[in-house]
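# Understanding the architecture of this molecule
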Amino acid sequence: MTDYLLTIATVVAINILVALGLNLITGYAGQPHLGIGVYTSIGAYTTALLLLAGMPLLVALVLALLGATLFGALTGLPSLRVNSDFLAVLTIGLAFVVESLYGYLPQEWFGGPLGLTEIPKPQLLGVQFGSGAMLGMAGIFVLAGIAFNRLLAKSWLGLAWRSVREDELASRVMGNSTARIKVIAFAIGAGYCGVAGFLYAQFMGSVSPSDFGFLPSLFVVTTIMLGGVGTIRGPVLGAILLGILPELFRFVQEYRNLIYGSLLVGVMLYQPSGLLGDESLLWRSLGDRRWRPRRREPDISLMPSVAVSAAMRGSEALTSLEVRDVSISFGGLKALDAVSLTVAPGRVLGVIGPNGAGKTSLFNIISGVLRPTGGTIRLNGEPIQGLRPDAISQLGIGRTFQIVRPFQNLSVLENVLVAYGAKHYMRPLACVRKYMDGAAVDAAMQLLASTGLQGHAHLAARTLPLGLQRRLEIARILALDAQVLLLDEPFSGLSAEEADSQKKLVLELKRQGRAIVLIEHNMEIAVDLCDWFVVLNFGRQIAEGVPSEVCENPMVIEAYLGK
Amino acid sequence: MALFAQQILNGVLIGTLYAMVALGLSMIYGVLRILHVAHAGMYVIGAYLGLFIYLRTRSYLAAILLSGIIVGLIGMLLERVVYRRMFNYARDVPLIASIGLFVVITDLVRITAGPEPLPFLIGRTGAFNVGGIRLSNFDLSFVAVSWGVIGLFVLFLMKTKTGFAIRAIAQSREVAQMMGINVNPAVQAVFFAGSFIAAVAGVLVGPFYAYIDPNMGNTFAYKALAIIVIGGFGSMIGTVVGGILLGVFEVLMVVYTKLPLSQEALAMLFLIVFLLIRPTGIFGSARR
């Protein structure tokens with residue numbers, strides 16, 4: 001009886017590790033993965049082969065971990081090219097191919113379809129591990145896994161993962177190298193599975209291809225979805241439930257799949273964030289009684305109200321942007337044809353023109369989201385066209401979006417911290433430090449204070465009204481210490497009061513010596529704010545000059561009002 | 001040469017089945033942006049219903065029509081009861097639910113009809129040679145029915161008002177709604193038509209392999225996903241071409257190469273290589 005319980009507990013422990021691994025990839029970094037078993041298989045087969053060859057346990061552990069991690073990074077690469085639906089299908093494919101390979105490769109390699117057997121049990125000082133010691137070893141790895149996961153969840157890297165999950169493009173524009181961030185998630189997640197495989201091979205004493213194919217991988221997806229994806233408690237709860245339930249329902253063995261499938265559909269219908277997910281009934285009802293760490297509220301009474309303090313401004317170097325003869329075509333359509341503009345520090349340049357003139361395409365090109373078919377873009381004389389969006393952001397060009405793209409489920413403070421972290425902390429070692437640390441939070445709160453958002457710091461960004469979301473987008477790029485600001489219709493959809501304070505903010509940023517490019521349809525505001533206008537129509541630059549003159553230009557009037 | 005042609009023909013026939021299942025999946029992805037894995041369950045239920053009706057009525061045509069209609073209604077039910085309520089949930093929620101549904105459907109079929117394969121034989125009389133290729137009468141009716149149904153499906157999409165609405169929704173649900181298209185009935189129509197054609201594929205596959213079993217949908221479920229990816233999500237022609245390509249590819253690989261992989265794994269390998277070369281599919285456009 002004890003042995004039976006110990007066995008179940010060990011299986012649960014192994015499943016917790018795999019579930020935590022998948023949860024890092026899917027729950028934190030937002031990359032669907034339906035073939036997680038392949039990483040477990042690498043760990044398990046590596047361990048089995050090494051132990052059968054008489055290698056010491058530690059060597060097996062290290063190689064199992066390394067092998068899975070490397071394979072994780074490798075299989076994370078397709079996520080850079082394809083969208084998430086493709087990735088889901090691709091990972092299913094991966095599961096089938098890897099499972100099949102083990103079975104069909106020469107028998108001497110991986111033991112064919114029957115796999116490898118008689119893997120020696122671990123020993124300590126010549127004494128073989130019993131069920132208890134096995135569980136103890138698994139337990140230690142689970143505790144270490146949870147501790148490391150907690151560390152990651154609270155780290156700059158964890159925050160960056162969540163930003164990728166919320167909105168990958170916005171995360172890139174905030175200066176995150178999302179490619180690297182995603183591959184790291186795959187690598188670490190796979191590493192967890194590698195360790196799980198290491199335990200599995202010794203615990204079972206045998207490994208076979210079907211232990212790790214598509215269906216076992218699906219089981220892991222169920223585990224995290226059932227418990228609550230994107231949390232640590234979720235995968236743990238899911239693994240425990242799915243470990244115990246089949247034992248309780250042994251008397252209905254015949255209907256096991258039916259029950260399992262119905263459970264999955266039921267939970268997805270009624271508790272889509274999982275039984276203990278952030279939005280679940282259970283977790284929210286626990287919410288009031290749950291212990292929460294006290295938040296340290298910085299003293300913002302001492303901070304300037306509108307002025308962005310010098311501390312946040314960082315570099316005093318004044319920056320200018322020069323765009324020369326930039327063109328781009330989509331298919332046969334020339335969306336931009338030899339457009340040129342220059343903006344100097346402390347100046348506001350208005351890019352105006354009717355809908356479809358190519359204004360947003362221009363921003364997409366400057367910020368690196370689109371590649372121009374011709375022309376040059378220089379920042380302080382250095383060419384920057386062809387660089388990745390994150391590199392361009394890091395150089396100090398920040399942009400906002402016409403249709404706002406805050407990280408919806410991150411708090412306002414976290415939204416700003418994503419950019420701050422991309423700028424200052426996304427380096428090896430530094431990236432695993434806690435992001436809620438003093439200096440960064442103080443700096444971010446100061447920024448929020450200066451943009452009038454301090455009262456909303458701990459609210460989810462999606463709950464803000466549009467006006468404040470637009471401010472949040474500006475606050476984010478200020479956290480990047482952007483010296484060139486590309487503001488895409490920052491006034492659209494704002495009430496008169498909101499627009500008024502937004503205008504003050506833009507003027508303050510201008511006073512600080514930042515170079516601002518503004519796309520705006522509201523002529524009154526544009527004329528008020530801008531020093532210079534560039535007018536686009538059907539991708540061509542039809543006029544430029546001081547606003548008052550441009551507004552009198554017959555070609556401009558015609559473009560706006562028609563003949 | 002004749003052997004080669006025979007293999008190609010086999011590949012095309014199997015590929016046609018793939019295409020039939022994948023068409024519905026692709027349309028459903030088009031209107032709802034979900035991967036309806038349980039769609040392969042429609043094919044399984046279709047095959048079993050087809051056999052049941054055929055044994056009662058001894059009419060293959062009745063089996064095709066009745067099974068198609070009943071399964072079409074089941075498809076509509078799934079949409080109404082499960083997917084419609086998940087519209088605002090995170091995108092992986094309907095995917096996981098659909099995998100759960102597929103497990104439930106397969107198991108229900110196993111429990112009601114038994115786990116063993118059931119023979120599905122219709123009087124196969126007559127065969128003739130065309131330039132060395134053997135064609136049975138069943139092969140001919142197979143081709144007639146499958147391409148007839150695919151043709152009807154395409155006509156439905158291209159020529160009817162509902163089909164027009166469906167194509168508009170696939171472009172943009174919001175804009176279609178603003179133009180006064182009632183989205184829900186159109187989505188229901190997609191589920192009916194898609195499930196109908198999958199069920200017909202199920203009724204055809206029975207006599208083709210001469211037996212059916214509860215797990216027959218497993219490989220189809222994931223191959224159909226592969227096909228709509230290869231075809232470029234939401235493209236009709238791409239889906240049909242992708243299905244046939246996959247069918248032919250599988251047959252040729254199994255017959256003429258010694259790659260150490262199962263048929264499923266070959267299909268998935270085809271998919272992976274294809275995706276890495278052309279991430280948007282045959283006729284797909286880049287869209288997220």
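On a predicted model such as this, the values are computed, not experimentally measured, just so you know. (Residues numbered from 1 in each chain as written. Chains lettered and ligands numbered in written order. Predicted model: local features only at pLDDT ≥ 70, side-chain atom pairs only at ≥ 80, totals over all residues. Heavy atoms only, no water.)

## Here's the deal with the environment of A:Pro490
Residues and elements named next belong to chain A. Worth spelling out the cut-off: Every helix listed is a DSSP run of H or I at least four residues long, and every strand listed is a run of E at least two residues long, numbered separately from the N terminus. Three labels apply to residues, based on accessible area from a 1.4 Å probe with only protein chains included: buried if under 20% of the type maximum, exposed if over 50%, partly exposed otherwise in between. Whether two residues touch is decided by their heavy atoms; if any such pair falls within 4.5 Å, the residues are in contact.
You can see Pro490 is positioned in the loop between strand E9 (484-488) and helix H20 (496-511). Judged by relative accessible area, Pro490 falls into the buried class, the value being 4%. For the pair formed by Pro490 and Phe148, sequence separation is 342 residues and the distance between their alpha carbons is 41 Å. Sequence-distant contacts of Pro490, that is, excluding residues within four places in its chain, are made with Arg470, Gln502, Leu518, Ile519 and Glu520.

## Describing the state of the cysteines
Residues and elements named next belong to chain A. We count it as follows: Whenever a pair of cysteine sulfur atoms sits within 2.5 Å, that pair is classed as a disulfide.
Considering all chains together, one arrives at zero disulfides over all chains under this definition. Cysteine Cys431 shares no disulfide, and the gap to the nearest cysteine sulfur, in Cys193, comes to 20 Å. Distance from the sulfur of Cys551, which forms no disulfide, to the nearest cysteine sulfur (Cys530) is 9.9 Å. Judged by its relative accessible area of 29%, Cys551 falls in the partly exposed class.

## As for the side chain of A:Glu489
Residues and elements named next belong to chain A. Basically, it comes down to this: The charge count includes Lys and Arg as positive and Asp and Glu as negative, but it does not include His or the ends of the chains. The rule for a salt bridge is simple: a side-chain nitrogen of Lys or Arg has to be within 4 Å of a carboxyl oxygen of Asp or Glu.
Checked against the element boundaries, Glu489 lands in the loop between E9 and H20. Comment: no salt bridge for buried Glu489; closest opposite-charge side chain is Lys359, at 5.2 Å. Setting aside residues up to four positions removed in sequence, Glu489 forms contacts with Gln402, Arg470, Ile519, Glu520 and His521.

## A word on helix H18 (residues 438-450) of chain A
All names here are of chain A. As a reminder of what qualifies: Each helix should span, by expectation, one fewer than its residue count multiplied by 1.5 Å.
Here H18 contains 13 residues, and its C-alpha end-to-end distance of 18 Å stays within 8% of the 18 Å for a straight helix at 1.5 Å per residue. Burial runs high along H18: ten of the 13 residues are buried. Taken together, the buried positions of H18 are occupied by Ala440, Val441, Ala443, Ala444, Met445, Gln446, Leu447, Leu448, Ala449 and Ser450.

## Observations concerning helix H12 (residues 256-270) of chain A
For H12(A), which comprises 15 residues, the first-to-last C-alpha distance of 21 Å matches the rise-based estimate of 21 Å (1.5 Å per residue) to within 8%. All buried positions along H12(A) are accounted for by A:Leu258, A:Tyr260, A:Gly261, A:Leu264, A:Val265, A:Val267, A:Met268 and A:Leu269.

## Some words on the interface of chain A and chain B
The following threshold applies: Joining two parts hides part of their accessible area as seen by a 1.4 Å probe, and the buried area is that hidden amount summed over both.
With 38 residues of chain A in contact, the opposing surface of chain B contributes 43 residues. Surface buried jointly by chain A and chain B totals about 3600 Å² across both partners, of which 77% is contributed by carbon and sulfur atoms. In terms of surface lost to chain B, no three residues of chain A exceed A:Phe86, A:Val89 and A:Leu269, which account for 17% of the buried area on that side. Seen at the junction of chain A and chain B, the total is one salt bridge. For A:Glu254, the salt bridge identified is with B:Arg110, shortest N-O distance 3.4 Å.

## Looking at the confidence of the model for chain A
For clarity, the cut-off: Confidence of the prediction at every residue is given by pLDDT, a number between 0 and 100.
Counting all residues, the mean pLDDT for chain A is 88, and 94% of those residues have values of 70 or more. Predicted confidence for residues 298-316 of chain A stays below pLDDT 50, and this span has 36 contacts to residues more than four positions away or in other chains.

## Describing a nonpolar patch on the surface
All names here are of chain A. Applicable threshold: What makes a patch is a set of residues exposed beyond 30% relative accessible area and free of salt bridges, joined within 9 Å when like-charged and within 5 Å when nonpolar (Val, Leu, Ile, Met, Phe, Trp, Tyr). A 1.4 Å probe and the Shrake-Rupley method give the accessible areas. Residues count as covered only by the protein chains that appear here.
Together, Ile240, Ile244, Leu248, Phe249, Phe251, Tyr255 and Ile259 make up a nonpolar patch on the protein surface, roughly 650 Å² of accessible area in all. Among the elements that take part in the nonpolar patch, helix H11 (residues 233-248) stands out by supplying three residues, more than any other. Here Phe251 is to be found in the loop between H11 and H12.

## Overview of unusual backbone geometry
All names here are of chain B. Its identity is not glycine, yet Arg58 carries a phi of approximately 60°, on the positive side. Backbone geometry places Ala210, a non-glycine residue, at a positive phi of 75°. Topologically, Ala210 is positioned in the loop between helix H8 (183-209) and strand E4 (211-212).

## What about the packing of aromatic side chains?
Here is the rule we go by: For this analysis, a ring pair means two rings from Phe, Tyr or Trp (six-membered ring only for Trp) whose centres lie within 6.5 Å, classed as stacked if their planes differ by under 30 degrees, edge-to-face if by over 60, and tilted for the remaining angles. We call a charge positioned over a ring when the NZ of a Lys or the CZ of an Arg lies within 6 Å of the ring centre and within 35 degrees of the ring normal.
Under the defined criterion, the tally for this structure stands at 29 aromatic pairs over all chains. Between A:Tyr45 and A:Phe110, the aromatic rings sit 5.5 Å apart at their centres with planes inclined by 85°, giving edge-to-face as the arrangement. Here A:Phe110 lies in helix H5 (residues 107-110) and A:Tyr45 lies in helix H2 (residues 37-52), a separation of 65 residues in the sequence. Take A:Tyr45: its relative accessible area is 1%, and that puts it in the buried class. An aromatic cluster is built from B:Tyr54, B:Tyr60, B:Phe120, B:Phe138, B:Phe142, B:Phe208 and B:Tyr209, whose rings are joined through pairwise contacts. One Lys or Arg, A:Arg405, reaches over the ring of A:Phe401 and ends 5.3 Å from the middle of that ring.

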